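The lines below spell out each chain.
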Amino acid sequence: MNTEPLYIQMRVGDNVAIVVNEGGLPAGSRFACGLSLLERVPQGHKLALVDIKAGAPVLRYGVRIGLALQDIRAGAWVHEQLLAMPAARSLDELPICNAVAPALPPLDGYSFEGYRNADGSVGTRNILAITTTVQCVAGVLEQALKRIKVELLPLYPNVDDVIALEHGYGCGVAIDAPDAIIPIRTLRNISLNPNFGGEVMVVSLGCEKLQPERLLPPGSIAITDQRDAELDVVRLQDDAHIGYQVMLDAILRSARTHLERLNLRRRETVPASELVVGVQCGGSDAFSGVTANPAVGFCTDLLVRAGATVLFSEVTEVRDAVDQLTGRAATPAIAEAIRREMAWYDAYLQRGSADRSANTTPGNKAGGLSNIVEKAMGSIIKSGTAPISGVLSPGEKLSSRGLIFAATPASDFICGTLQLAAGMNLHIFTTGRGTPYGLAACPVIKVATRNELARRWHDLMDVNAGRIASGEASIEEIGWEMFQLLLDVASGRKKTWAEQWGLHNALVLFNPAPIT
Ligand code: CA
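The rules behind the values
Residues numbered from 1 in each chain as written. Predicted model: local features only at pLDDT ≥ 70, side-chain atom pairs only at ≥ 80, totals over all residues. Heavy atoms only, no water. Pairing = 2+ DSSP bridges. Helix = DSSP H or I, 4+ residues; strand = E, 2+ residues; numbered from the N terminus. Axes fitted to C-alpha atoms, helices over the stretch in contact; angles between N-to-C directions. Parallel < 35°, antiparallel > 145°, perpendicular 65-115°, else oblique. Left-handed = near helix turned anticlockwise from the far one by under 90°. Contact = heavy atoms within 4.5 Å. Nonpolar A, V, L, I, M, F, W, Y, C, P; charged D, E, K, R; others polar. Buried < 20%, exposed > 50% of the residue type's maximum accessible area, 1.4 Å probe, protein only. Polar contact = N/O pair within 3.5 Å; in protein donor to acceptor, adjacent residues only side chain to side chain. Disulfide = S-S within 2.5 Å. Donors = N, O, S within 2.8 Å, 3.2 Å for Na, K, Ca; no water. Core = buried A, V, L, I, M, F, W, Y, C linked by side-chain atoms within 4.5 Å. Domains from an automatic or database assignment. Phe/Tyr/Trp six-rings, centres within 6.5 Å; stacked < 30°, edge-to-face > 60°. Salt bridge = Lys/Arg side-chain N within 4 Å of Asp/Glu carboxyl O.

A. Broad picture of the sheet that holds strand 16 (residues 309-312). Pairing is parallel in the open sheet, where seven strands are placed in the order 17-18-16-15-19-20-21. Among the strands making up the open sheet, the edge pair consists of strand 17 (388-392) and strand 21 (463-464). By the bridge criterion, two bridges tie strand 20 (residues 444-448) to strand 21 in an arrangement that is parallel. Its bridge partner being in strand 21, Val447 is matched across the sheet by Val463.

B. Fine view of the packing of helix 1 (residues 138-152) against helix 4 (residues 244-263). Their axes nearest at 9 Å, the elements helix 1 and helix 4 cross at an angle of 55°. Classified by the angle their axes make, helix 1 and helix 4 are oblique. By crossing handedness, the relation of helix 1 to helix 4 is classed as right-handed. Only Tyr244, Gln245, Met247, Leu248, Asp249, Ile251, Leu252, Ala255, Arg256 and Leu259 of helix 4 make contact with helix 1, whose side of the interface consists of Val140, Leu141, Gln143, Ala144, Arg147, Ile148, Glu151 and Leu152. Broken down by class, the residue content of the contact of helix 1 with helix 4 amounts to 12 nonpolar, two polar and four charged.

C. Summary view of the side chain of Thr316. Relative to the helices and strands, Thr316 resides in the loop between strand 16 and helix 6 (322-328). By relative accessible area, which is 9% here, Thr316 ends up buried. Within the structure, Thr316 has its side chain in polar contact with the side chain of Asn359 (distance 2.7 Å). Sequence-distant contacts of Thr316, defined by excluding residues within four places in its chain, comprise Tyr345, Leu349, Arg356, Asn359, Ile372 and Ala410.

D. How the structure looks around the state of the cysteines. Counted by the stated rule, this structure contains zero disulfides. A disulfide-free cysteine, Cys171 has its sulfur positioned 6.1 Å from the sulfur of Cys207, the nearest such atom.

E. Molecular detail of the environment of Pro178. Mapped onto the elements, Pro178 comes out in the loop between strand 11 (161-165) and helix 2 (181-191). The exposed category is assigned to Pro178, whose relative accessible area is 70%. With 134 residues separating them along the chain, Pro178 and Gly44 place their C-alpha atoms 43 Å apart.

F. Looking closely at the coordination of the calcium ion. At the metal site, the calcium ion is ligated by Gln280 (OE1), Cys281 (O), Glu314 (OE), Ala410 (O) and Asp412 (OD), and these contacts range over 2.4 to 2.5 Å. As a motif over one chain, the donors of the calcium ion read Q-C-x32-E-x95-A-x1-D. In this structure, Ala410 and Asp412 share a single accessibility class: buried.

G. Inspection of the pairing of strand 8 (residues 111-116) at higher detail. Pairing geometry for strand 8 and strand 14 (residues 268-271), over four bridges, is antiparallel. Bridging from a neighbouring strand, Phe112 pairs with Val270 of strand 14. Of the strand pairs in this sheet, strand 8 and strand 9 (residues 122-123) are connected by two bridges, and their pairing is antiparallel. Looking across to strand 9, one finds that Tyr115 is bridged to Gly123.

H. Inspection of the nonpolar core at higher detail. With 83 residues, the main nonpolar core has Leu275, Leu303, Ile338, Met342, Phe405, Ile428 and Met482 as its most contacted residues. For this core, the element with the most residues is helix 13 (residues 475-490), which contributes eight residues. Once residues within four sequence positions are removed from consideration, Met482 is found in contact with Ala292, Ala295, Val296, Cys299, Ile428, Val447 and Val463. In this structure, Val159, Val162, Ala250 and Leu262 belong to the second largest nonpolar core, which totals 27 residues.

I. Region of the structure containing the domain arrangement of the chain. Each assigned domain of the chain is listed here: domain 1 (1-87), domain 2 (112-263) and domain 3 (276-501). Computed over C-alpha atoms, the centres of domain 1 and domain 2 are 52 Å apart.

J. Summary view of the side chain of Thr133. If you trace the backbone, Thr133 turns up in the loop between strand 10 (127-132) and helix 1. Take Thr133: its relative accessible area is 0%, and that puts it in the buried class. Ignoring any residue separated from it by four or fewer positions in sequence, one finds Thr133 in contact with His167, Tyr169, Gly170, Val202, Val203, Ser204, Leu205, Glu208, Leu210, Gln211, Pro212 and Leu215.

K. Quick look at the packing of aromatic side chains. Throughout the structure, instances matching the rule amount to 14 aromatic pairs. Look at Trp480 and Phe483: their rings are 5.6 Å apart centre to centre, the planes differ by 90°, and that puts the pair in the edge-to-face class. Taken together, the residues span about one helical turn, with Trp480 and Phe483 both in helix 13 at a distance of three residues. Pairwise contacts between aromatic rings join Trp344, Tyr345, Tyr348 and Phe510 into one cluster.

L. A look at the sheet that holds strand 14. Here we have three strands laid out as an open sheet, ordered 9-8-14, and antiparallel in their pairing. Looking at the sheet topology across the chains shown, the edges are occupied by strand 9 and strand 14.

M. Inspection of the pattern of salt bridges at higher detail. Overall, the coordinates contain 28 salt bridges when judged by the stated rule. For Glu22, the salt bridge identified is with Arg455, shortest N-O distance 2.9 Å. Residue Glu22 is located in the loop between strand 2 (16-19) and strand 3 (46-48), and its partner Arg455 is located in helix 11 (residues 451-456); the two are separated by 433 residues in the primary sequence. Overall, the relative accessible area of 32% leaves Glu22 in the partly exposed class. Overall, the relative accessible area of 52% leaves Arg455 in the exposed class. One salt bridge in this structure joins Glu314 and Lys382, with 3.2 Å as the shortest N-O distance. Taken together, the positions of Glu314 in the loop between strand 16 and helix 6 and Lys382 in the loop between helix 9 (372-379) and strand 17 put the pair 68 residues apart, joining distant regions of the chain. Each member of the pair, Glu314 together with Lys382, is buried. Here the residues in one salt-bridge network are Asp285, Arg450, Glu452 and Arg456, joined through shared partners.

Given below as C-alpha cells:
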C-alpha cells in the first residue's frame, strides 16, 4: 500500500479534495503538488487546495457544496463547521431534457440462469413468500415457518427458502387516507416479486382493516400461475380453527400446495436484460462518491446497455441534484414526473417540520461528508450516465425497462422494501462506514468504499471498491467485476455473504398516512 500523502480531487476546478490515506494525515504532510497540510485531516475528509475567502463557494464534484463561513487557507481541514449549506434548489424552471446522453452502444451476449415466470418476469431465487395482512398474525406465522423449514422444505429441494412478508401495517391505520395507497400497493407488489414465482399465499387474522381482498383484489394475481384461482387465504379467526395447533396445520397444508408447484420450476438461460437491479447506499462516507458509487454507476451503464433495468432511489439523496435528473430525463413527461416526486417529498418533510438536511447521520459526518449536498453529489453517481426512462412513485411496480428513478426514502430498509415492490430481483448496496444489511427476498451484493473496511469485514463485503482509491483497480474494472458478479449471483452460482450467513433485515413499509 502506497504511504505517500494522497488526495483525490473529483473535478478540475474543485477547491477542495479528500485525503486518501488510511488513518488520515498529520499536519505538515506534503503532497506531490507541493501543498502542505496546516493541520491533521482525517481520512476521507476535505482539505482546501487553495485559499478560500469567507463567503466564497466550496466546490466538490464541480458543485457548490457550501459557502465558506470564514477565510480558509490552502492546506486547512474543511469540515462541516466551516460550511454554510446552500438552500435547496427551487423546483421551478428546472432544465428539461437538456443533458440526455446519446444512446449507449448495446451490450450483447450476456445471460444468466433464472426462473422464468408466467408473466414474463424472471426470478433469481425460488422462494415461497407468505404474505400477511396484519402484524397480529406474525407470531403464529413465525412458529409455522419454523415447522415448514424442518418438516416441508427438505421435501422440495428446488425451493430456496420460505419467508414471511411481515410488517407493522394492516390495522390501527387510517386506511382510507389518500396516502394509504403507498403501504397497501407496496405490500401487494412485493407479494408479486419475481423471486416468488407467482405463488401468492396470505395469512390473515380476520377482523383487520386491510382485508385480503383489499390487499390483493381479484385480477391483481392474474399474472401468476394461479390464474382464475381464488386467493389462497388462511384466516386465523375462522371457526374451523379450534386452537393454535390447528392454525399451524392449516398454514402448513396451504404452504405444501405452493411448495409443490415451486419445486417444479427449473432455471433456464435468459438474457441479462431480465435483471432488475436496485442500487442503494447506506452508511456512506466521503469515499462512497469516489470509489463504490462511481463503479456502481459504470455497472449501471453496462446493465442498461444490456437491456436490463436499474432502479435508483433515495429522494433526499438526489434532491440537490434534481436539475441533473430532469436534464437527463428521456422525455418532458419523465422530467415532470421527477419534479412531481421531489415536490411531494418536500411537502412530506415540511409536514414533519424537517427538510432534506435531516438525512445526514453522525457516521456520514465522521466519514467526511459535511452535508446533504455533498452526500447527494456522491450518491447520484450510482445512476450512471444513461437517459432516465421512467419514474415510479413509492410502492409502484415496474412497467418499463432501462434506468428508472424509483422514488423512495433513503432509509435502507424502506428503500429496499420499495425496490422489492418495484420488482427488484438483485440488489447492489454500497457502504463506507459498514452495514451488514441483507434481505430475505433478494440477494444483496455489498460493496465497500475503502480497503480498510473490506479487510476488517472480509466476510461481509462482496466487492472491494477501495482498490480504486489506492490505485490498484480502475472504476471500469470494478464496474465490470460487479457486472460479472451480478450474473453469477443471479444464476445461483454464487451466494452473497449476507445469503451465506442468513442476514435479513425487516421489510419496512413506507406509511406517510396517519395511524389511528
Ligand atoms: Ca440508503
